[in-house]
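Examining the three-dimensional arrangement
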Amino acid sequence: MELTVNLPAREWYVDSAVNNASYWPLDYPPLSGYQSWLCGVALRAAEPAAVALVSSHGYESSSSKTLMRWTVIVADLLIYIPACLVAVAVFYPRPDTPAAGTTTTTTGSGSGASPSSSPTKAPGGSAAGPSTSAGAPAFASAPSFSHSPSFSHSPSFSSASPSSAGAAAARRGRLLALFALLFNPALLLVDHGHFQYNGISLGLTLAAVAAIATGRRLLGSALYVAALNHKHMALFFAPAFFAHLLGWALHDPAHRGAPAKLLAIAKLGVTVILTFALCWAPWLHSREAVLQVLVRIFPVRRGLYEDYVANWWCASSALIKWKSRFPAPLLLRAAAAATLAAAAPAMAHQIAGRRGSAPEEGAGAGASGGGPSRWGLVRCLVNSGFAFYMFSYQVHEKSILMPLLPLTLAAGREPTAAAWLPLLGCFSMFPLLVRDGVGLPYVAVAAVYGAVMAGAALQQARQLQAERRAAPRPGALTRALDAVTGLLLDLWPLLAAAGVVAAAALHAARLLLPAPPHLPWLYDRAFITFSFFGFAAAFCYSQLAQWLEEPGRPGAAVAARQRGARRLKGE
């Protein structure tokens, strides 16, 4: 804020006596600089000394801290929270809306019934998303939760008809997704404890996903570019957006013939270029100015990683001393290759146009019959985010927020994963959070999130598992995955209790037993190694689940839900 309100935009990224790496330089993309300028102007109006050039270094007062905290809260109120509401409205439309249908059962302990496999675009090019009133698309309206039941007291199969049980699952899934997005403990601790503005970039990403899901792909492309130009961590999602939009351009029935396909790709490309040009306008006067910005926001000189991150490079460094054995340029190339290889399967799924779920009865007359589905995009975002987190170069602890965003959006379909992975994300960041003095908030927000999500997620997962067992899917690998996830779900209370006990034991050991003098990093490495194996397991499952989703058949999910309900009712 100090730099942006006191220097012209062209000097924000130029090293000088008052602007260098020795004291909090601007090392985020231009949109983050504009946001810092707005916040700095507001702060200067209230407390000028807080943003005075150079003399504000080290300045701290209770009023300035309060004002800065409020800038994060206001950003969430203006961008992140509305984006969450819109995304939930788009991906979990109310069953009584005209365009709302049902989604086919998918893989995993939490996969399966979710309201509506909404269309993405009509063959004629018009958006055909779910609507809440005539001509009003869901992207433009917030969801209504006023009649939703509480998480853990939805009607059970034993006392409800198949239709009411399905409606209860839909409402519970909607609430799970909204709660997971709004109260993701990792995001709350990073933005409001570590003090960041990740909610802006994540909110813009959610808005982009919602726009694409309702057929507004040019708007979605522009919103994603805005997210990328606010926090370059959004690059984690670039393979997913690229693959999904390319798959749509190649396979949508409206694009008949090569000219139509090329035109669709060209429109997307022009939108991306124009949005970038708008964000980077002050630095486009010379190649040197652009390079100066890039050098600041991509600090490859910092090395493969800095602190303890629960990814492959850091977790395996106990066995292979990557930094000392290999030169930095080679590690940079290796990290890039590993990241692209890890993201490639999910990208191929989207480019091939495979649909995780097809339009179903009640989904609307303009449903697209080809190209990747909106839930396929969400799964691809999870996998792309994990690929970058696990294998890319210079990953920060907070980067786990990227795969957690689409994963929490999918809480209605993957409830157990959305319950435990945000907690594991907090756990992986504990060494960072405790240095920031937010150990007590860490315990509080994690406990609240776990207490609210655990029972509801388990109930939702069991219902989805019952539907899957009532309508088993073909394929040996698919059935094997269903069997394994079913077994894990049966053991879930025991596994969850064991995980909580292990995490509590590690925290207690760190607090009560000092690390040996020759192993000062012992506990930090234990935290990230424990987390790494959890993330790796989730990544492998997510990759398999994306590819094993079968195209939906009209009425398949309804029939599966009714069979599952009747079966459980009979028990």
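Residues numbered from 1 in each chain as written. Predicted model: local features only at pLDDT ≥ 70, side-chain atom pairs only at ≥ 80, totals over all residues. Heavy atoms only, no water.

As a further point, take the pattern of salt bridges. Summed over all chains, the structure comprises four salt bridges. Measuring nitrogen to oxygen at the nearest pair gives 3.5 Å for the salt bridge that ties lysine 65 to glutamate 60. Since its relative accessible area comes to 42%, lysine 65 is described here as partly exposed. We note a salt bridge from glutamate 414 to arginine 379, for which the minimum N-O separation is 2.8 Å. With glutamate 414 in the loop between α15 (401–409) and α16 (415–428) and arginine 379 in helix α14 (residues 374–391), this pair connects stretches of sequence that are 35 residues apart. A relative accessible area of 6% places glutamate 414 in the buried class. (Salt bridge = Lys/Arg side-chain N within 4 Å of Asp/Glu carboxyl O. Buried < 20%, exposed > 50% of the residue type's maximum accessible area, 1.4 Å probe, protein only. Helix = DSSP H or I, 4+ residues; strand = E, 2+ residues; numbered from the N terminus.)

Ranked by internal contacts, the top residues of the largest apolar core, which has 115 residues, are Phe91, Leu206, Tyr389, Leu421 and Phe535. Considering each element in turn, this core owes the most residues, 12 residues, to α14. (Core = buried A, V, L, I, M, F, W, Y, C linked by side-chain atoms within 4.5 Å.)

Looking now at the packing of aromatic side chains. In total, this model carries 23 aromatic pairs according to the counting rule given. Measuring from centroid to centroid gives 5.6 Å for phenylalanine 195 and tyrosine 197, while their planes differ by 65°, and the two rings are edge-to-face. Counting every residue linked through ring pairs, the aromatic cluster contains Trp312, Trp313, Trp322, Phe326, Phe532 and Phe533. Taking the ring centre of tryptophan 521 as reference, the NZ or CZ of arginine 525 above it sits at 5.6 Å. (Phe/Tyr/Trp six-rings, centres within 6.5 Å; stacked < 30°, edge-to-face > 60°. Lys NZ or Arg CZ within 6 Å of the ring centre and 35° of its normal.)

Turning to the UniProt feature "transmembrane region" (unreviewed entry) in the protein, a few remarks are in order. The sites that UniProt annotates as "transmembrane region" (unreviewed entry) are residues 67–92, 173–190, 202–227, 233–250, 262–283, 440–459, 480–506 and 526–544. Strand forms 0% of residues 440–459 and helix 100%; the C-alpha atoms that close the span are 30 Å apart. Along residues 480–506 the backbone is 96% helical and 0% strand, and the end-to-end C-alpha distance reaches 34 Å. (UniProt positions renumbered as here; feature names shortened; annotations may be inferred.)

On to the side chain of arginine 525, then. Secondary-structure assignment places arginine 525 in helix α21 (residues 522–548). Contact partners of arginine 525, with chain neighbours within four places excluded, come to Tyr308, Cys314, Ala315, Ser317 and Ala318. (Contact = heavy atoms within 4.5 Å.)

Right, let's get into the environment of glutamine 35. Mapped onto the elements of the fold, glutamine 35 is located in helix α2 (residues 30–46). Overall, glutamine 35 belongs to the buried group, its relative accessible area being 10%. Other than its neighbours up to four places away in sequence, glutamine 35 contacts Tyr197, Ile200 and His230.

Contact geometry of helix α19 (residues 476–490) with helix α20 (residues 492–512) gives a least axis separation of 4 Å together with a crossing angle of 65°. With respect to α20, the element α19 is oriented roughly perpendicular. Of the residues in α20, those touching α19 at Leu488, Leu489 and Asp490 are Trp492, Pro493 and Leu495. Tallied by class, the residues present in the contact of α19 with α20 amount to five nonpolar, no polar and one charged. (Axes fitted to C-alpha atoms, helices over the stretch in contact; angles between N-to-C directions. Parallel < 35°, antiparallel > 145°, perpendicular 65-115°, else oblique. Nonpolar A, V, L, I, M, F, W, Y, C, P; charged D, E, K, R; others polar.)

This part covers α16. When the terminal C-alpha atoms of α16 are compared, their 20 Å separation across 14 residues agrees well with the 20 Å that a helix rising 1.5 Å per residue should span. The buried fraction of α16 amounts to 12 of the 14 residues, a majority that puts the element mostly inside the structure. Taken together, the buried positions of α16 are occupied by Pro415, Thr416, Ala417, Ala418, Ala419, Leu421, Pro422, Leu424, Gly425, Cys426, Phe427 and Ser428. (Expected span 1.5 Å × (residues − 1).)

Moving on: the environment of proline 29. Note that proline 29 resides in the loop between α1 (2–6) and α2. On the basis of relative accessibility, which here comes to 2%, the residue proline 29 falls in the buried class. Separated by 269 residues in sequence, proline 29 and phenylalanine 298 place their C-alpha atoms 9.6 Å apart. With residues near it in sequence (within four places) discarded, proline 29 still touches Tyr13, Leu228, Asn229, His230, Lys231, His232 and Ile297.

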